[in-house]
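Close look at the chain arrangement
Here is how the chains run, residue by residue.
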Amino acid sequence: LVEPERLEDDRGFFARTFGANTPWRSNPHLAVLKPETLLGDADARAALLARIADHRGQVDLLVMSYHWGYESEFWPSDVQRRCWEILREAGVDILYGHHSHLAQPFAVGDAGRGLCLYSCGNLALEMPLPVYDEGAIFFVQGGIGPEGPVVKHVATRFTRRTAATVAEISAP
């Protein structure tokens, strides 16, 4: 994230997941929320939106990591698109999505308000098919508008997972 116009330096990060891939990975502290539940359950949606409002009041830039979508999908679903609109309207500035293991398109909101990276692909996890070795790194240039952070430019670098790229992105 490139910030030519400095924020007040208060950034917030929080995460949700659609669930655990395997039952033995269940954890009582795992914040689970399926996108379909966000759309269809008014109480669950209200709870998340209240949490976002609380986070939003404490930071200048709010980033949400969301383990969502379906594996092996090249395009975000309509459910994901509708969820992003709700999350953006609630105050999420950047949504970093992942789970499909394939790079998917990104979306920028009106007037640069909000950025959704639906899925950045697969940069480190070893999986059985060559298509899973592809990922995307997004370079984002932003600034401060009258209503808060805005996205000015997004550039994408597509990459293939190799031992060298895993070492490169894992280096301190």
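For the structure, see preceding data.
Structure report, in brief. (Residues numbered from 1 in each chain as written. Predicted model: local features only at pLDDT ≥ 70, side-chain atom pairs only at ≥ 80, totals over all residues. Heavy atoms only, no water.)

Here we come to the pairing of strand 6 (residues 134-145). The sheet contact formed by strand 6 and strand 7 (residues 148-160) spans 12 bridges and is antiparallel. Residue pairing across strands places E134 opposite R160, the latter belonging to strand 7. If you look at the hairpin formed by strand 6 and strand 7, you'll find 2 residues sitting between the two strands. (Pairing = 2+ DSSP bridges. Helix = DSSP H or I, 4+ residues; strand = E, 2+ residues; numbered from the N terminus.)

Before going further, it helps to spend a moment on the sheet that holds strand 1 (residues 11-17). Strand order in the open sheet made by the 5 strands is 1-2-3-5-4, with mixed pairing throughout. Only two strands of the sheet have a single partner each, and these edge strands are strand 1 and strand 4 (106-108). Pairs of neighbouring strands in the sheet enclose a mean axial angle of 10°, with direction left out of account. As paired elements, strand 1 and strand 2 (residues 61-67) share 7 bridges and run parallel to each other. Looking at strand 2, one finds that F13 is bridged to V63. Of the strands in this sheet, strand 1 and strand 2 are in contact with helix 2 (residues 42-56), which crosses strand 1 at around 160°. (Axes fitted to C-alpha atoms, helices over the stretch in contact; angles between N-to-C directions. Contact = heavy atoms within 4.5 Å.)

It is worth spelling out the nonpolar core at this point. If you look at the biggest cluster of nonpolar residues, it comprises 19 residues, and the most contacted ones within it are L87, V92 and L95. Secondary-structure elements contributing two or more residues to this core are helix 1 (35-40), helix 2, strand 2 and helix 3 (78-90). Ranked by size, the runner-up nonpolar core spans 11 residues in total, among them L61, V63, C120 and V140. (Core = buried A, V, L, I, M, F, W, Y, C linked by side-chain atoms within 4.5 Å. Buried < 20%, exposed > 50% of the residue type's maximum accessible area, 1.4 Å probe, protein only.)

Inspection of every chain in the model, using the stated rule, returns 3 aromatic pairs. Seen from their ring centres, Y66 and W68 are 4.9 Å apart, and the 20° between their planes marks the pair as stacked. Using a relative accessible area of 1% as the deciding quantity, one classes W68 as buried. A ring pair is formed by W68 and Y118, whose centres lie 6.0 Å apart and whose planes are at 10°; its orientation type is stacked. Separated by 50 residues along the polypeptide, W68 in the loop between strand 2 and helix 3 and Y118 in the loop between strand 5 (115-117) and strand 6 bring together distant segments of the chain. (Phe/Tyr/Trp six-rings, centres within 6.5 Å; stacked < 30°, edge-to-face > 60°.)

Attention now moves to the packing of helix 2 against helix 3. Packed helix pairs are characterised by how far apart their axes lie and by the angle those axes make with each other. Look at helix 2 against helix 3: their axes get within 9 Å of each other, and the N-to-C directions meet at 40°. It follows from the interaxial angle that helix 2 and helix 3 lie oblique. Read as a crossing pair, helix 2 and helix 3 show a hand that is right-handed. Contacts between helix 2 and helix 3 involve R45, L48, L49 and I52 on the former and, on the latter, I86, L87 and A90. (Parallel < 35°, antiparallel > 145°, perpendicular 65-115°, else oblique. Left-handed = near helix turned anticlockwise from the far one by under 90°.)

The terminal C-alpha atoms of helix 2 lie 20 Å apart, and with 15 residues this matches the ideal 21 Å at 1.5 Å per residue to within 8%. Within helix 2 the residues assigned to the buried category are A44, L48, I52 and H55. Buried residues in helix 2, looked at end-on, bunch into an arc of 70°, giving them a common side. Here the buried face of helix 2 lies against strand 1, helix 1, strand 2 and helix 3. (Expected span 1.5 Å × (residues − 1). Arc of directions from axis to C-beta.)

The next thing to look at is the pattern of salt bridges. Counted according to the given criterion, the structure contains 3 salt bridges. Here R56 ties to D93 by a salt bridge, and the two come within 2.4 Å at their closest N and O atoms. Taken together, the residues span a long stretch of sequence, with R56 in helix 2 and D93 in the loop between helix 3 and strand 3 (94-98) at a distance of 37 residues. Across the pair E85 and R88 runs a salt bridge whose closest N-O atoms are separated by 2.6 Å. Here R88 and E85 lie together in helix 3, a separation of 3 residues that amounts to about one turn. In this structure R88 comes out as buried when scored by relative accessible area, which is 16%. Residues joined in a network through salt bridges with shared partners are E85, R88 and E89. (Salt bridge = Lys/Arg side-chain N within 4 Å of Asp/Glu carboxyl O.)

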